[in-house]
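If you want the building blocks of each chain, they are given just below.
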Amino acid sequence: MPAQAAPSGAGAGAVAVDIGRAAAVLEPGLDRPVSLVGARLSAAAAALLLVVGAGVTWSVFGTLPHTLALDAVVAHGTAPVTVRAAVPGAVVSLRARPGEQVAAGQAVAVLRGADGRETDVRAAEAGTVTAVLTAPGSVLAPGAPVVALDATGRPATVRLFATTAAEARELVPGRTVSVPVPGAGAVRAVITAVDLLPVRADSLDGTLAVPLPGLPVGAAPVWTAYADLPVLSGRPVPVLPGPLPVSVALDLGARHPYQAVLGKGAAR
């Protein structure tokens, strides 16, 4: 048989066009690969720009809560009440221990005077004994401290303790703190006063109602602030049986996300 002639140049071009059209039927747009890929890349780039733009905008103009955790004591009044000897004498016995609740007028110690007569030292207010400040056999002058009480009849307060100068700078009257209170949940209290100067950590012995593991010891400085617990929905904060150690969250205001990443302060 005679050999079949090769397709002419025009016939080959027609075959290529037919193949392209068939592929376009199977996959629309396959005959326009460059324009299709370009459109998809443009859409992806636009979406990426939107995401990045939204992230940058939020990091600059958005806000995050900014708090500082501090050790604190929920107690009554601004400081424990000190029960003192009214007359001179030697301590015969102590009738109260730390953590014990005493009533107003209850004897907390017995003194023996130089004439041999014994006199009771009585609590002027009801409360929880936070510290015993003397020992049997000690000879006391009038006014000498015997025990310290957390007076439960006084307003419920929060005493906040800062252990660094940086923390102390954040203790500003008017700032709020979130305080966990049994039976009331997280209560927001307002700082009303701040001690301007720090005290030695060891000088707090007998004044702190309960031990606070987060506080330093010895001569390390401690700054103190005070906050009042508010009335909740027309009722007072539940009565506390005695001092309560807590960790509070001091509200430092809001800061932008980029400041949180860079460790910057609150946005003002």
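Above this text sits the structure in question.
Residues numbered from 1 in each chain as written. Predicted model: local features only at pLDDT ≥ 70, side-chain atom pairs only at ≥ 80, totals over all residues. Heavy atoms only, no water.

Once that is clear, we can look at the overall build of the protein chain. On a plain count of helices and strands, the protein chain comes out with 4 helices and 15 strands. Evaluated residue by residue, the protein chain yields a buried proportion of 33% over its 268 residues. Here the analysis covers contacts within the protein chain between residues at least 6 apart in sequence; of these, 69% occur between residues at least 24 apart. Surface accessibility of the protein chain: about 15300 Å² in total, with carbon and sulfur atoms responsible for 64%. (Helix = DSSP H or I, 4+ residues; strand = E, 2+ residues; numbered from the N terminus. Buried < 20%, exposed > 50% of the residue type's maximum accessible area, 1.4 Å probe, protein only. Contact = heavy atoms within 4.5 Å. Areas by Shrake-Rupley, 256 points an atom, 1.4 Å probe, with all protein chains shown as cover.)

A word on the nonpolar core. Val158, Leu160, Leu171, Val179, Leu229, Val248 and Leu250 are the most contacted members of the largest nonpolar core, which has 23 residues in total. Looking at this core, the elements with two or more residues in it are strand 1 (64–76), strand 10 (156–162), strand 11 (176–181), strand 12 (185–194), strand 14 (221–228) and strand 15 (244–255). In terms of nonpolar packing, the next biggest core, distinct from the first, is built from 16 residues, Val83, Ala109, Ala123 and Ala144 among them. (Core = buried A, V, L, I, M, F, W, Y, C linked by side-chain atoms within 4.5 Å.)

Bringing the environment of valine 92 into the picture now. Note on placement: valine 92 falls in strand 3 (residues 89–94). On the basis of relative accessible area, valine 92 is assigned to the partly exposed category, the value being 31%. Taking the C-alpha atoms as reference points, valine 92 and glutamate 118, 26 residues apart in sequence, are found 8.3 Å from one another. The residues contacting valine 92, other than those within four sequence positions of it, are Val110, Leu111, Arg112, Glu118 and Pro136.

Ordered by their spatial adjacency, 4 strands build an open sheet running 2-9-7-4, and the pairing between neighbours is antiparallel. Two strands close off the open sheet at either side, each with one partner strand: strand 2 (81–84) and strand 4 (101–102). Here strand 7 (residues 127–132) runs beside strand 9 (residues 145–151); their pairing, made up of 5 bridges, is antiparallel. Each bridged residue has a counterpart across the sheet, and for valine 129 the counterpart in strand 9 is leucine 149. (Pairing = 2+ DSSP bridges.)

Looking at the element boundaries, arginine 175 is found in the loop between helix 3 (165–169) and strand 11. One polar contact links arginine 175 to glutamate 170, side chain to side chain, over a distance of 2.6 Å. (Polar contact = N/O pair within 3.5 Å; in protein donor to acceptor, adjacent residues only side chain to side chain.)

Moving on, we come to the sheet that holds strand 6 (residues 118–122). Strands sit in the order 6-5-3-8 across an open sheet of 4 strands; the sheet is antiparallel. With one partner strand each, in any of the chains shown, strand 6 and strand 8 (139–140) form the two edges of the open sheet. Two elements, strand 3 and strand 5 (residues 107–112), share 4 bridges in a ladder whose sense is antiparallel. In the sheet register, alanine 90 faces strand 5, and the bridge partner there is arginine 112.

A few words now on the pairing of strand 2. On any regular strand, side chains alternate: one points to one face of the sheet, the next to the other face. Residue alternation in strand 2 divides its side chains into a buried set, Val81 and Val83, and an unburied set, Thr82 and Arg84. Alignment of strand 2 against strand 9, held across 4 bridges, turns out to be antiparallel. Bridging from a neighbouring strand, valine 81 pairs with leucine 149 of strand 9.

Looking at the secondary structure, you find proline 98 in the loop between strand 3 and strand 4. Sequence spacing of proline 98 and threonine 130 is 32 residues, and the spatial spacing of their C-alpha atoms is 5.1 Å. The residues contacting proline 98, other than those within four sequence positions of it, are Val129, Thr130 and Val132.

Attention now goes to the pairing of strand 5. By the criterion of burial, strand 5 is predominantly enclosed, with 5 of the 6 residues buried. Looking at chain direction, strand 5 and strand 6 are connected through 5 bridges and run antiparallel. Residue pairing across strands places leucine 111 opposite threonine 119, the latter belonging to strand 6.

Once that is clear, we can look at the environment of alanine 69. The residue alanine 69 is located in strand 1 in this model. Alanine 69 sits in the exposed class, given a relative accessible area of 57%. Placed 179 residues apart in sequence, alanine 69 and valine 248 show a C-alpha to C-alpha distance of 5.6 Å. Those residues within four positions of alanine 69 in sequence are excluded, and the remaining contacts are Ser247 and Val248.

Here we come to the pattern of salt bridges. Two side chains that carry opposite charge are able to pair once their charged atoms sit near each other. Using the criterion set out here, one finds 7 salt bridges in the structure. Notably, a salt bridge pairs arginine 188 with aspartate 251, separated by 3.3 Å at the nearest N-O pair. Highlighted residues: arginine 188 in strand 12 and aspartate 251 in strand 15, separated in sequence by 63 residues. Between aspartate 202 and arginine 200 there is a salt bridge, with the nearest N and O atoms lying 2.6 Å from each other. Each of Arg95, Asp120 and Arg122 takes part in one network of salt bridges that share partners. (Salt bridge = Lys/Arg side-chain N within 4 Å of Asp/Glu carboxyl O.)

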